[in-house]
Amino acid sequence: MRELAEQRGIKASFNVIDAAFGPKEEVKGSENDLIWLAKQLAQSNAEPPMIFTACGTEDYGLPLCTEFHEYLDSLGLKNKFITQPGIHDYYFANKILKLTLDELFEVDDPVKLI
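Residues numbered from 1 in each chain as written. Predicted model: local features only at pLDDT ≥ 70, side-chain atom pairs only at ≥ 80, totals over all residues. Heavy atoms only, no water.

### Some details on the pairing of strand E2 (residues 79–84)
Alignment of strand E1 (residues 51–56) against E2, held across 6 bridges, turns out to be parallel. Paired with phenylalanine 52 across the two strands is lysine 80, which belongs to E2. As a crossover connection, the stretch from E1 through helix H5 (residues 62–75) into E2 is right-handed. (Pairing = 2+ DSSP bridges. Helix = DSSP H or I, 4+ residues; strand = E, 2+ residues; numbered from the N terminus. Right-handed = clockwise from strand over helix to strand, strands pointing away.)

### Points about the pattern of salt bridges
According to the stated counting rule, one finds 2 salt bridges in the structure shown. We note a salt bridge from lysine 78 to glutamate 47, for which the minimum N-O separation is 3.4 Å. Of this pair, lysine 78 sits in the loop between H5 and E2 while glutamate 47 sits in the loop between helix H4 (34–43) and E1; the two residues are 31 residues apart in sequence, bridging distant segments of the chain. One salt bridge in this structure joins lysine 98 and aspartate 102, with 2.3 Å as the shortest N-O distance. Linking lysine 98 with aspartate 102, this pair stays in helix H6 (residues 90–104), spanning 4 residues, or about one helical turn. Accessibility expressed as a relative area gives 38% for aspartate 102, which makes it partly exposed. (Salt bridge = Lys/Arg side-chain N within 4 Å of Asp/Glu carboxyl O. Buried < 20%, exposed > 50% of the residue type's maximum accessible area, 1.4 Å probe, protein only.)

Shown next as structure tokens:
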């Protein structure tokens, strides 16, 4: 993600990306490389899970999220990508989490998941 953001001139929190995925020099071909993992999943005999992603329409990462969704489609992987008004913050994340539990997975009581 960091490399893609840098290539496209997207102003991202690179220290946060590095904390989540590791230094960019160590990511390619690792368990933290989402592109590589998707390709491995598509080439495997395993039943692929539904991959769910969401991004706010005002989020600086929207172009990358859209590109990743299109990549998953190109691999034939089941995925759902939701965009709604919002930025990259906890308000948006909480809104999408509620939407996911209420509508997509029809969880009436999230406490039962624990």
